[in-house]
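Results of the structural survey
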Amino acid sequence: MEELSLKILDSLSTHIAVIDNIGVITYINKSWNNFYEENNGGLTNIQSKVGDNYLKHCLIASKKSKEALESYEGIKLVIDGKLDRFTNKYPTNDNKWYTINIEPLKDSGSVVIAHKDITKQVIAEEEIRKTKNKLELIANNIGDIVYKVTLDGDVSKIDYISNNVMDILGFTTDDYIKGNPKLVKSMYPKRYAEAVKFNKMIKTMKVAKPHSFDYEWFNPKKKEWLWMCEIIVPEIKNGKVVGQFGTVRDITEKKIADEKLKESEDRLNMAITSASLGVWDWDVQNNILLWDYSMYELYDEKKSDFTGAFDAWEKTLHKDDLELANKEVEKALSGEKEFNTVFRIITSKGDCKHIQAKANVQFDENNEPVRMLGVNYDITEKVLMEKEKRYAIIKTEEAERRRIAYDLHDGLGQKISAVNMYINALDDYVQDQLDEDTLSIFKVGKRLMNEAAIETRLVSHNIMPRSLSEYGLEQTLKEILSNYQKINKNTELKLESNLGKFRFDSMLELAIFRVLQEGLNNALKHSQADKINVILKLNEKKLFIEVNDNGNGFDYNEMIKKEDRGLGLVSLDQRVRMLGGKLIIDTQPSKGTKMSTIINLSLV
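Residues numbered from 1 in each chain as written. Predicted model: local features only at pLDDT ≥ 70, side-chain atom pairs only at ≥ 80, totals over all residues. Heavy atoms only, no water.

A word on the pairing of strand 20 (residues 593-600). Burial of strand 20 is extensive: six of the eight residues sit out of reach of the surface. Bridge count for strand 19 (residues 584-587) against strand 20 is four bridges, and the pairing is antiparallel. Within strand 20, the position partnered with Ile584 by the bridge is Ser596. Counted between consecutive antiparallel strands, the loop separating strand 19 from strand 20 contains five residues, among which Ser590 sits at a positive phi close to 70°. (Buried < 20%, exposed > 50% of the residue type's maximum accessible area, 1.4 Å probe, protein only. Helix = DSSP H or I, 4+ residues; strand = E, 2+ residues; numbered from the N terminus. Pairing = 2+ DSSP bridges.)

Structure below.
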């Protein structure tokens, strides 16, 4: 009989052990032994084998676990006969839960300890508790009406309706539960037929599907018409609808907002159409690009020919702007900068349009781009007008320069040359006629007059270099630097250029020359450098310009704060902007100065 009892104990999944009156384990069943071996003593350090003192293990574990302390005290009470039975629940470090039951073994002085795994039960209880808490939280905070209805044939009975029904609908809970004939009539006269149909559907609902209704409701408390949205969910038992759960929400503000939104959308669509503005929406992750009607108009595209993918837009780009546009998109998707750029497109009709594009990028919780929403608008006319304006300014300036150069060369320059010729003619005569001091003064005057003649010719040449129209930009710069070198003998002037004999449009060539001339003059005048480099590099449709020196430099941030930033810097910035570039000044005190810009020739 004892052997049978032991076999029964070994077959149980519950961990069972027997301890004597001082806490030493005298027996464990198979489940206890397996659990002990699998856990090597257990994460809570209270599972033990035969011969171990279980009470001591509990006492050690009690320093870290309140459950172990409670178990220790419970076992002591049962051993001492002060408690008939002790039950406790405890967690382990491996996220499992167990119950411990302790009972005395009659007439033996021993105690039986039983551990049972209740992890699934605890998880289920926790889920129920969380669900209940959520429902209570929703019920306590929701602004909607919540109700429960029982259906018996064509008869409906409201079992429950939340107390906020008075605030929303203007009737009490008793009006609904006991029945008030004014309820349906409260919809009269605007929605009476709809109200009757709606009420009938509620009572005789046969289809086991959720229903949603929007309707107007007259609130007698507020004495105003309101819009309601009611959602009904059937309660089904044994394949039959036996009741329903429902919510009622006041959507008056939403209805008003929807009407205003519709009006705004109508106005927006009208504005978009009149402004040649196109709106687009790009699903980045799925590569789906949506265009509105105005985008198709703007790009002269047929909707049937547009694939709705990013590469379909790429194909419309001017080949010289493809790289720039894609880089701007990449920077926007990486979060580096906003998408705000200008590019050209070639329409299906072969027309070239200048497009201004702006967009916002939306990111997910991992900061990955998921959506790009933007607008495009045609600025072709604006670009052409600005180009004409720039050319008009350049033409006006150059016409004035030609007049000044003519006056210098044929007016003042000729007179200075004549005076210089007469002075040189007196050179031999005055050698014997003047004393030493007077002769020295004469020679100084002769030298200064000669330098004035040279400088007048140089200034005249710089104002309107004839070689520019004949030989091009690189040759003209070489001549200018050579002339400057004669005057500035302590400064090394160097030109780096890959233009060779390459020629630009005459007005563009002249504008680029003026930028370089202005930068060079600034360096010669202010830098006190002994080395000045002029760099001119052409790479396909982009021209890189740079003038750098090893001079004294300056604090650029302090300079731009001053009201008078220097005519040279202001003039240089204006010239660069006229060419569609951006002036970049890299300088520090005692570190020299580098002036540079990149001009996109295809946009000039």
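It is worth spelling out the confidence of the model for the protein at this point. Here the protein averages 78 in pLDDT, and 76% of its residues register 70 or above. Predicted confidence in the protein is weakest over helix 9 (residues 192-203), with a mean pLDDT of 61, and strongest over strand 16 (residues 492-497), with 92. Contacts for the low-pLDDT stretch residues 41-45, under 50 throughout, to residues beyond four places or in other chains number ten contacts. (pLDDT = per-residue confidence, 0-100. Contact = heavy atoms within 4.5 Å.)

This paragraph deals with the pairing of strand 2 (residues 25-28). With three bridges joining them, strand 1 (residues 15-19) and strand 2 adopt antiparallel strand pairing. Counted as the bridge partner of Val18 is Tyr27 from strand 2. Hairpin connection from strand 1 to strand 2: five residues lie between these consecutive antiparallel strands, with Gly23 at a positive phi of about 100°.

Time to look at helix 13 (residues 322-333). The first and last C-alpha atoms of helix 13 sit 17 Å apart over twelve residues, in line with the 16 Å expected at 1.5 Å per residue. Considered for burial, the residues of helix 13 that qualify are Ala325, Asn326, Glu328, Val329, Ala332 and Leu333. Seen along its axis, helix 13 keeps its buried residues to an arc of 155°; they face one direction. What points out from helix 13, more than 90 degrees from its buried face, is the exposed set Glu323 and Glu330. Looking at the buried residues of helix 13, the elements they touch are strand 11 (277-283), helix 12 (310-314), strand 13 (339-346), strand 14 (352-363) and strand 15 (369-378). (Expected span 1.5 Å × (residues − 1). Arc of directions from axis to C-beta.)

Moving on: the sheet that holds strand 15. Strand order in the open sheet formed by five strands is 12-11-15-14-13, with antiparallel pairing between adjacent strands. Each edge of the sheet is formed by a strand with only one pairing partner; in this case those strands are strand 12 (288-291) and strand 13. Looking at each pair of strands side by side, their axes are set apart by 25° on average, direction ignored. Summarising the sheet, strand 14 and strand 15 pair through nine bridges and their orientation is antiparallel. Its bridge partner lying in strand 15, Lys358 is registered against Val375. (Axes fitted to C-alpha atoms, helices over the stretch in contact; angles between N-to-C directions.)

This paragraph deals with the packing of helix 3 (residues 54-61) against helix 4 (residues 66-79). Orientation of helix 3 relative to helix 4, taken along the N-to-C sense of each, is 145°, at an axis distance of 7 Å. Read as a crossing pair, helix 3 and helix 4 show a hand that is left-handed. Where helix 3 approaches helix 4, its residues Tyr54, Leu55, Cys58, Leu59 and Ala61 are matched on the opposing element by Ala68, Tyr72, Ile75, Lys76 and Ile79. When the residues that make up the contact of helix 3 with helix 4 are grouped by side-chain class, the tally is nine nonpolar, no polar and one charged. (Left-handed = near helix turned anticlockwise from the far one by under 90°. Nonpolar A, V, L, I, M, F, W, Y, C, P; charged D, E, K, R; others polar.)

So, about the side chain of Thr491. In this structure, Thr491 sits in the loop between helix 18 (473-487) and strand 16. Excluding anything up to four places from it in sequence, Thr491 contacts Gln485, Ala529, Asp530, Lys531 and Ile532.

Turning our eyes to something else, we now look at the environment of Thr587. Its place among the elements puts Thr587 in strand 19. By relative accessible area, Thr587 is classed as buried at 12%. Linking Thr587 and Asn548, residues 39 residues apart in sequence, is a C-alpha distance of 9.5 Å. Engagement of the side chain of Thr587 in a polar contact is seen with the backbone nitrogen of Phe554, the distance being 3.1 Å. A polar contact of 2.9 Å, which involves the side chain of Thr587, links it to the backbone oxygen of Gly592. (Polar contact = N/O pair within 3.5 Å; in protein donor to acceptor, adjacent residues only side chain to side chain.)

On to the environment of Leu9, then. When you line up the elements, Leu9 lands in helix 1 (residues 2-11). For Leu9, a relative accessible area of 26% corresponds to the partly exposed category. With 22 residues separating them in the primary sequence, Leu9 and Ser31 have C-alpha atoms 8.8 Å apart. Non-local contacts of Leu9, meaning those with residues more than four positions away in its chain, are made with Ile16, Tyr27 and Asn29.

Overall, antiparallel pairing links the five strands, which are arranged 2-1-5-4-3 in an open sheet. Strands at the two margins of the open sheet, each flanked by one partner only, are strand 2 and strand 3 (86-91). The average angle at which neighbouring strand axes cross in this sheet is 20°, direction not considered. Direction of pairing for strand 3 relative to strand 4 (residues 97-105): antiparallel, over a ladder of six bridges. What sits directly across from Asn88, in strand 4, is Ile100. Packed on one face of the sheet, helix 4 meets strand 1, strand 3, strand 4 and strand 5 (110-117) and runs near 165° to strand 3.

With that out of the way, let us pick up the pattern of salt bridges. Evaluation of the coordinates by the stated rule reveals 15 salt bridges. One salt bridge in this structure joins Asp167 and Lys221, with 3.5 Å as the shortest N-O distance. Of this pair, Asp167 sits in helix 6 (residues 165-169) while Lys221 sits in the loop between strand 8 (211-219) and strand 9 (224-237), and the two are 54 residues apart along the sequence. For Asp167, a relative accessible area of 47% puts it in the partly exposed group. Asp258 is paired through a salt bridge with Lys254; the nearest N and O atoms lie 3.0 Å apart. Residue Asp258 and its partner Lys254 are both found in helix 10 (residues 252-274); the two are separated by four residues, about one turn of the helix. (Salt bridge = Lys/Arg side-chain N within 4 Å of Asp/Glu carboxyl O.)

Next up on the list: unusual backbone geometry. Glycine aside, the phi torsion of most residues is negative, and most peptide linkages are trans. One non-glycine residue with positive phi stands out, namely Lys223, at about 55°. Counting through the fold element by element, Lys223 comes out in the loop between strand 8 and strand 9. A relative accessible area of 65% places Lys223 in the exposed class. At Asp300, a position not held by glycine, the phi torsion is positive, near 55°. Mapped onto the fold, Asp300 is located in the loop between helix 11 (293-299) and helix 12.

On to the nonpolar core, then. Counting 35 residues, the largest nonpolar core has Leu473, Phe504, Ile512, Leu516, Leu536 and Leu543 as its most contacted members. Counting only elements with at least two residues in this core, the list comes to helix 18, helix 19 (506-526), strand 17 (531-539), strand 18 (542-549), helix 21 (567-578) and strand 20. Here this core takes nine residues from helix 19, the largest share from any one element. Sequence-distant contacts of Leu543, that is, excluding residues within four places in its chain, are made with Leu499, Phe504, Ile512, Leu536, Lys537, Leu538, Thr597, Ile598, Ile599 and Leu601. Listed in part, the 26 residues of the second largest apolar core include Trp280, Leu289, Ala332 and Phe339. (Core = buried A, V, L, I, M, F, W, Y, C linked by side-chain atoms within 4.5 Å.)

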